[in-house]
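# Fold and geometry: a report
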Amino acid sequence: MDEGVCAVRPGIDVAGHARLLAGIHDAVLAGKPPKTPPRLLVERSWRRVAAQGVDPDRPPAPDPVGAAEVERRRTGCRLNEVLPELRGSLTSVAEDAHHLMVVTDADGVVLWREGARRVRHRADSLGFTEGATWSEPAIGSNAIGTALAEAAPVQMFAAEHFVRSHHTWACTAYPVHDPRSGELLGIVDVSGPAEAVHPMTVALVGTSVRLVEALLWQRHETRLQGLRQLSGHVLRGGPGLVVDDHGWVAAQSGVSGIDRVAAPSPGVPVAVRGIGACEPEPVPGGWLLRPSRREPLRLTLELGAPRAIVEGSTRWTHPLGRRQAELLRLIVAAGPAGVSAAQLSETVYGDRTHLVTVRAELSRLRKLVGGLLLARPYRIAPGVEAAVQP
């Protein structure tokens with residue numbers, strides 16, 4: 001197990017450790033050097049939430065979104081697909097250990113909360129309910145919010161929580177990512193009374209998250225296989241591709257080596273290297289992309305009001321975020337040799353610890369420009385003219 005994640009070690013005196021942490025918490029908030037420093041992860045979190053104005057004695061009351069909004073978020077969250085598996089692996093364990101299993105979306109909004117009734121009542125008193133936002137700015141240092149802020153798994157125990165009313169809790173949270181893109185889908189958390197904390201909870205939650213990520217990938221492959229079964233019929237008569245709604249390629253004819261294109265939508269041309277602009281046609285479970293006319297592809301990145309302009313047989317524009325534009329600029333500058341996610345993380349963030357963030361941004365970028373941007377390493381596809389303009 002990762003000692004950087006676990007808040008307690010096997011065999012530790014839990015009550016004594018809680019007292020030690022309470023002393024550390026009091027000293028830090030009083031501006032005095034503690035005898036023992038907090039964990040680095042906790043120290044970073046405390047600094048963030050103090051700068052955000054969270055009061056450790058009077059936390060902001062969570063203002064939950066309404067039931068209709070919770071249901072809308074549940075429907076749109078991909079973790080809904082694997083909720084039965086999460087329930088099967090964690091809910092019964094949580095109930096037996098007097099804990100809760102909590103699932104949030106990528107904003108930290110609690111969508112599902114299941115487990116021991118007595119612990120649910122205790123959580124109610126803190127506003128830890130469906131619809132509540134459990135991010136650091138909303139509620140201070142906590143496993144869910146800190147996992148979101150750190151983009152990493154977090155176990156938080158007793159007075160490691162910034163807000164004193166949370167000192168009786170222990171929580172273990174793991175981010176869940178879309179295995180296709182690296183995009184953050186939400187957080188899976190197991191929370192309960194501090195006295196029931198156990199280091200094995202980290203392994204339990206981590207294993208459950210890896211299983212559901214593998215299941216999401218398996219279902220993605222199943223959907224692509226379904227598209228492949230019809231591709232032999234629809235790809236007859238010339239070059240083209242069959243892709244899913246996210247632009248992942250199930251089958252291709254007349255081209256090769258393309259794993260993803262921009263996500264298709266009706267009436268919007270999709271740039272495909274080796275073919276040019278393609279018109280998307282809906283097929284069961286995805287899209288058929290056929291060339292409208294073979295033309296060389298040009299990609300122009302404009303940095304002023306960031307946007308990518310793609311020109312082939314037609315011309316279309318994709319607005320970009322500032323971070324996306326910066327990453328694309330670095331990729332264009334790298335030339336045919338390309339650049340790795342680690343190198344991009346170091347250039348943009350000053351270190352190599354933001355790989356998940358970089359990959360998620362580039363996945364969103366590839367969803368826009370698709371096969372014009374290749375991965376491993378990240379580079380502009382051969383045959384695509386690329387330029388950067390101020």
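Residues numbered from 1 in each chain as written. Predicted model: local features only at pLDDT ≥ 70, side-chain atom pairs only at ≥ 80, totals over all residues. Heavy atoms only, no water.

## Considering helix H7 (residues 143–150)
Counted only if it meets this: Relative accessibility thresholds used throughout: buried, under 20% of the residue-type maximum; exposed, over 50%; partly exposed, between the two (1.4 Å probe, protein chains only). Helix and strand assignments follow DSSP, with helices taken as H or I runs no shorter than four residues and strands as E runs no shorter than two, numbered in order from the N terminus. Contact criterion: two residues are considered in contact whenever any of their non-hydrogen atoms come within 4.5 Å of each other. Any pair of nitrogen or oxygen atoms within 3.5 Å is treated as a polar contact; in protein, a donor-acceptor pairing is required on top of that, and neighbouring residues in sequence qualify only through side-chain atoms on both sides.
Most of H7 is tucked away, with six of its eight residues classed as buried. Those residues of H7 not exposed but buried are Ala143, Ile144, Gly145, Thr146, Ala147 and Glu150. The inward-facing, buried residues of H7 contact helix H2 (40–51), strand E1 (100–105), helix H6 (136–139), strand E3 (154–157), strand E4 (169–177) and strand E5 (184–193). Looking at where H7 begins, the residue whose side-chain oxygen comes 3.1 Å from the main-chain nitrogen of Ile144 is Asn142. Where H7 ends, the next residue or the one after it, Ala151, has phi of about 55 degrees, a positive value.

## Section: the nonpolar core
The line we're drawing: We define the nonpolar core as a collection of buried residues of types Ala, Val, Leu, Ile, Met, Phe, Trp, Tyr and Cys that are connected through side-chain atoms lying within 4.5 Å of one another.
Grouped together as the largest cluster of nonpolar side chains are 37 residues, with contacts concentrated most on Phe128, Ile144 and Phe157. Among the elements of the structure, helix H1 (14–29), H2, E1, helix H5 (117–126), H7, E3 and E4 are those that each provide at least two residues to this core. Core analysis: the next-biggest nonpolar cluster, separate from the first, contains 31 residues, Ala271, Val332, Val369 and Ala375 among them.

## Quick look at the packing of helix H4 (residues 83–96) against helix H8 (residues 200–234)
Filter applied, for reference: Every axis in this analysis is a line fitted to C-alpha atoms, fitted for helices over the stretch in contact. Angles between the N-to-C directions lie between 0 and 180 degrees. For this classification, under 35 degrees means roughly parallel, over 145 means roughly antiparallel, 65 to 115 means roughly perpendicular, and everything else is oblique. Whether a crossing is left-handed or right-handed is set by the direction in which the near helix is turned from the far one by less than a right angle, anticlockwise for left-handed and clockwise for right-handed. Polar here means any residue outside two lists: the nonpolar Ala, Val, Leu, Ile, Met, Phe, Trp, Tyr, Cys and Pro, and the charged Asp, Glu, Lys and Arg; Gly therefore counts as polar.
Running from N to C, H4 and H8 point in directions that differ by 170 degrees, and their axes come no closer than 9 Å. One finds that H4 runs roughly antiparallel with respect to H8. Taken as a pair, H4 and H8 cross one another with a handedness that is right-handed. Across the interface between the two elements, Glu85, Leu86, Ser89, Leu90 and Val93 from H4 touch Leu204, Val205, Ser208, Val212, Leu215 and Arg219 from H8. Of the residues contributing to the contact of H4 with H8, the split by class is seven nonpolar, two polar and two charged.

## Here we look at the UniProt feature "domain: GAF" (unreviewed entry) in the protein
To be explicit about the condition: UniProt positions are given in the numbering used here, feature names are shortened, and annotations may be inferred rather than shown by experiment.
Here, the residues flagged by UniProt with the feature "domain: GAF" (unreviewed entry) are residues 103–213. Its end C-alpha atoms 14 Å apart, residues 103–213 is made of 32% helix and 29% strand.

## Description of unusual backbone geometry
Here the bond from Arg376 into Pro377 is cis, since omega is -5 degrees, no more than 30 degrees from zero. Here Pro377 shows up in the loop between strand E14 (373–374) and strand E15 (379–380). With a phi close to 55 degrees, Arg376 is a non-glycine residue in the positive phi region. Taking the relative accessible area as the measure of exposure, Arg376 reaches 73% and is therefore exposed.

## Considering the environment of Ala123
Along the polypeptide, Ala123 turns up in helix H5. On the basis of relative accessible area, Ala123 is assigned to the buried category, the value being 0%. Excluding anything up to four places from it in sequence, Ala123 contacts Leu100, Arg113, Phe128 and Trp169.

## Comments concerning the pattern of salt bridges
Proximity of charged atoms lets side chains of opposite charge pair with each other. Basically, it comes down to this: For this analysis, a salt bridge means a side-chain nitrogen from Lys or Arg found within 4 Å of a carboxyl oxygen belonging to Asp or Glu.
Counted according to the given criterion, the structure contains 23 salt bridges. A salt bridge links Arg72 to Glu69, with the shortest nitrogen-to-oxygen separation between them at 2.8 Å. Taken together, the positions of Arg72 and Glu69, both in helix H3 (residues 67–76) and three residues apart, correspond to about one turn of that helix. The shortest N-O distance in the salt bridge between Arg113 and Glu130 comes to 4.0 Å. Placement of Arg113 in strand E2 (residues 110–115) and of Glu130 in the loop between H5 and H6 is noted, with a sequence separation of 17 residues between them. The exposure class of Glu130 is partly exposed, given its relative accessible area of 30%. The network of salt bridges with shared partners includes Glu69, Arg72, Arg73, Asp105 and Asp107.

## Considerations on the packing of helix H9 (residues 322–334) against helix H11 (residues 355–369)
Geometry of a packed helix pair, given as the angle between the helix axes and the separation of the axes. H11 packs onto H9 with a crossing angle of 85 degrees between their chain directions and a minimal axis gap of 10 Å. With respect to H11, the axis of H9 lies roughly perpendicular. Contact with H9, carried on its side by Arg323, Gln324, Leu327, Leu328 and Ile331, involves Val358, Glu361, Leu362, Arg364, Leu365 and Leu368 of H11 and no other residues of that element. Of the residues assigned to the contact of H9 with H11, the class counts are seven nonpolar, one polar and three charged.

## A word on the sheet that holds strand E16 (residues 384–389)
Rules: When DSSP finds at least two bridges between two strands, those strands are taken to pair.
Strands sit in the order E13-E12-E11-E16 across an open sheet of four strands; the sheet is mixed. Of all the strands in the sheet, the pair left with one neighbour each is strand E13 (315–319) and E16. When strand polarity is set aside, the average angle formed by the axes of neighbouring strands in this sheet is 15 degrees. Note: strand E11 (residues 297–302) against strand E12 (residues 307–311), five bridges, orientation antiparallel. If you follow Leu299 over to E12, its bridge partner there is Val310. In this fold H9 packs onto E11, E12 and E16, with an angle of close to 125 degrees to the strand it touches most, E11.

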